[in-house]
Amino acid sequence: MDFDTRVKMAVYNYFAETGGRPSPGKVAERVGSEIENVLESYGRLRAQRLLVLEPDGSSIRMAPPFSGVPTQHIIEADGIRYFANCAWDALGIPAALHKPSTIHSRCAQSGEPFVLSIKNEGPEHSDWVFHCLVPAAKWWDDIVFT
């Protein structure tokens, strides 16, 4: 496995295990390398749209579907709280974890709370509609806004 793949897997495994973003030092420990090498890898992973970094270049903002910062989209699975970047990613976290989960969110227009139970077979029945103002082809033009 190449170095960037090892870094990516260390980042995603950390999110899955803890619900939070790892520091570059934690990733360096997991891959047996120096922090500088991890930060260089972060840049390459960002170029591949696998990570979104904070302006400091060393803190992970997003490792889709996981958010490194608190959001309105909270997923609970096995006693761990995760934050998703958006409603779409809120469905991606249970799928990535392969675990039954509960999604807590709210309607961006009305503020109405949403709670959705996700089983391994998929989500419970719901008549909710997911709508994005930005077409998917434009999401990465400003992924934090989208």
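The notes below deal with the structure included here. None of the values given here were measured: they were computed from a predicted structure.

Section: the packing of aromatic side chains
For the structure shown, the criterion picks out 4 aromatic pairs. Taking the centre distance of 5.3 Å and the plane angle of 15° together, the rings of F15 and F66 count as stacked. Residue F15 is found in helix α1 (residues 3–18), and its partner F66 is found in strand β3 (residues 66–67); the two are separated by 51 residues along the sequence. Accessibility classification places F15 together with F66 in one group, the buried group. On the numbers, 4.3 Å between centres and 35° between planes, the contact of F114 with W128 is tilted. A residue pair is termed long-range when its members are at least 10 positions apart, and F114 in strand β7 (residues 113–119) and W128 in the segment after β8 (122–123) qualify at 14 residues. Taken together, the aromatic side chains of Y12, F15, F66 and Y82 make up a single cluster linked through ring pairs.

A look at the layout of surface pockets
Each pocket or cavity is described by its volume, and for the largest pocket that value is around 1,300 Å³. Along the walls of the largest pocket sit 39 residues, with H73, C86, A87, F130 and H131 positioned nearest its centre. Per-element accounting of the lining of the largest pocket gives the leading share, 5 residues, to helix α4 (residues 87–97). The residue inventory of the lining of the largest pocket, partitioned by class, reads 25 nonpolar, 10 polar and 4 charged.

So, the environment of L45
Here L45 is to be found in helix α3 (residues 35–47). L45 gets classed as buried once you look at its relative accessible area, which sits at 2%. It is 7.1 Å that separates the C-alpha atoms of L45 and D4, two residues lying 41 residues apart in sequence.

A word on the side chain of S67
With respect to the secondary-structure elements, S67 resides in strand β3. Given the relative accessible area of 2%, S67 is considered buried. Among the polar contacts made by the side chain of S67, one reaches the main-chain carbonyl oxygen of V69 at a distance of 2.7 Å. Looking at S67, its side chain comes within polar contact range of the side chain of N85, at 3.5 Å.

Thoughts on the pattern of salt bridges
Charged atoms that come close allow side chains of opposite charge to pair. Tallied over the full model, the rule gives 5 salt bridges. Residue R21 is joined to E54 by a salt bridge in which the shortest nitrogen-to-oxygen separation is 3.4 Å. One end of the pair, R21, is in the loop between α1 and α2 (24–31); the other, E54, is in the loop between β1 (52–53) and β2 (60–63), and 33 residues separate them in sequence. With a relative accessible area of 32%, R21 lands in the partly exposed category.

So, how was this worked out
- Residues numbered from 1 in each chain as written.
- Predicted model: local features only at pLDDT ≥ 70, side-chain atom pairs only at ≥ 80, totals over all residues.
- Heavy atoms only, no water.
- Phe/Tyr/Trp six-rings, centres within 6.5 Å; stacked < 30°, edge-to-face > 60°.
- Helix = DSSP H or I, 4+ residues; strand = E, 2+ residues; numbered from the N terminus.
- Buried < 20%, exposed > 50% of the residue type's maximum accessible area, 1.4 Å probe, protein only.
- 1 Å grid on protein atoms, 1.4 Å probe; cavity = no way out; pocket = protein on both sides within 12 Å on 5 of 7 lines; lining within 4 Å.
- Points joined across faces, edges and corners; volume = space filled by probe spheres on them.
- Nonpolar A, V, L, I, M, F, W, Y, C, P; charged D, E, K, R; others polar.
- Polar contact = N/O pair within 3.5 Å; in protein donor to acceptor, adjacent residues only side chain to side chain.
- Salt bridge = Lys/Arg side-chain N within 4 Å of Asp/Glu carboxyl O.

These results come straight from atomic positions and should not be treated as a statement about function.
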